[in-house]
Amino acid sequence: DYSQKYDEAIAAMEAARKQAEARPVIDEGAALGELADRYRSSDGTRNVEIDENGNIEITLESDVTFGSGKVDLTSKGKHSVRSIESLLTGQYADFKVRVEGHTDGEPLKKTRSLYEDNFGLGSRRALSVVRFLESEMGIDPTRLVSASRGEHEPVASNKTAEGRSKNRRVEIVVVIPRDEAVGMASVQAK
């Protein structure tokens, strides 16, 4: 009786090992990268990356989406945000969306009385995008979160005009639990 149960357990473990070996090996990083490539714009105005947690990060250059020191989306900015509508309403419609406003490191001068500092400017820009996603694109507001990073997460040096331009951006992050992101990527890789 004990010997039979032992043999059955060993046989079950062996069957599980063989089944695991038969599964294709998926390079998670490459599969997630391919997923991002599908949504990246060819004109360079929209960059899409998958972060280390499996979230989809869509970066829109602030120089395209907002006028200097402004918080209202330009017509090009609206077009840029609309260009990701299918991503937000299709396969990813069940996930939270975090909109982050980033600025360069230059202190505010003309708009200081309106926004106080870069953190305030980033906050107002993120909120502007959130309101557009809700009112113009019909995204459920319970999915939306706005946040400001101000000048605190630069992607380039603030010492050059080009670097400051890269730092002025809005990031729209589709927050995907890691297990689901890997699962989606592995389906795409097959």
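Look up: the structure comes first, before these words.
Residues numbered from 1 in each chain as written. Predicted model: local features only at pLDDT ≥ 70, side-chain atom pairs only at ≥ 80, totals over all residues. Heavy atoms only, no water.

S.K.: How should helix H4 (residues 75-82) be read in this particular structure?
M.R.: Along an α-helix, residues three or four apart share an orientation, since each turn contains 3.6 residues. Within the span of H4, buried status applies to Gly77, Ser80 and Val81. Along the axis of H4, the buried positions cluster into a sector of 95°, meaning they face one direction only. H4 presents Ser75, Lys76 and His79 as exposed residues on the side facing more than 90 degrees away from its buried surface. Of the surrounding secondary structure, the elements contacted by the buried residues of H4 are strand E2 (56-61), helix H3 (62-65), helix H5 (85-89) and helix H7 (118-135). (Buried < 20%, exposed > 50% of the residue type's maximum accessible area, 1.4 Å probe, protein only. Helix = DSSP H or I, 4+ residues; strand = E, 2+ residues; numbered from the N terminus. Arc of directions from axis to C-beta. Contact = heavy atoms within 4.5 Å.)

S.K.: I'm lost on the packing of aromatic side chains in this one. Help?
M.R.: Aromatic ring pairs: the centre-centre distance and the angle between the two ring planes describe each pair. All chains considered together, the criterion is met by 1 aromatic pair. On the basis of an interplanar angle of 45° and a centroid distance of 6.3 Å, the ring pair of Tyr92 and Phe95 is categorised as tilted. Note on accessibility: Tyr92 and Phe95 belong to one class, buried. (Phe/Tyr/Trp six-rings, centres within 6.5 Å; stacked < 30°, edge-to-face > 60°.)

S.K.: Is there a simple way to explain H7 in this structure?
M.R.: The end-to-end C-alpha distance of H7, which contains 18 residues, comes to 26 Å, matching closely the 26 Å that a straight helix rising 1.5 Å per residue would cover. Inspection of H7 places Asn118, Gly120, Leu121, Gly122, Arg125, Ala126, Ser128, Val129, Val130, Phe132 and Leu133 among the buried residues, and these make up the whole buried set. Capping of H7 at its N-terminal end is provided by Asp117; its side-chain oxygen lies 3.2 Å from the backbone amide nitrogen of Phe119. (Expected span 1.5 Å × (residues − 1). Polar contact = N/O pair within 3.5 Å; in protein donor to acceptor, adjacent residues only side chain to side chain.)

S.K.: Looking at this model, I keep getting lost on a nonpolar patch on the surface. Mind explaining?
M.R.: Together, Tyr6, Ile10 and Met13 give the surface a local cluster of nonpolar side chains, amounting to about 330 Å² of exposed area. Among the structural elements, Met13 can be located in helix H1 (residues 2-22). (Patch = residues over 30% accessible without salt bridge, like charges linked within 9 Å, V, L, I, M, F, W, Y side chains within 5 Å. Areas by Shrake-Rupley, 256 points an atom, 1.4 Å probe, with all protein chains shown as cover. Salt bridge = Lys/Arg side-chain N within 4 Å of Asp/Glu carboxyl O.)

S.K.: Even after reading the chapter, I still don't get unusual backbone geometry, so can you show me in this structure?
M.R.: In terms of backbone geometry, most residues other than glycine have negative phi values and most peptide bonds are trans. Even without being a glycine, Glu116 presents a positive backbone phi close to 70°. Assessed through its relative accessible area of 55%, Glu116 is described here as exposed.

S.K.: Even after reading the chapter, I still don't get the side chain of Ser148, so can you show me in this structure?
M.R.: Within the element layout of this structure, Ser148 appears in strand E4 (residues 144-150). Here Ser123 takes part through its backbone nitrogen, which lies 3.2 Å from a polar atom of the side chain of Ser148. Residues within four places of Ser148 in sequence aside, it is in contact with Gly101, Asn118, Phe119, Gly122 and Ser123.

Shape descriptors only; they carry no functional weight alone.
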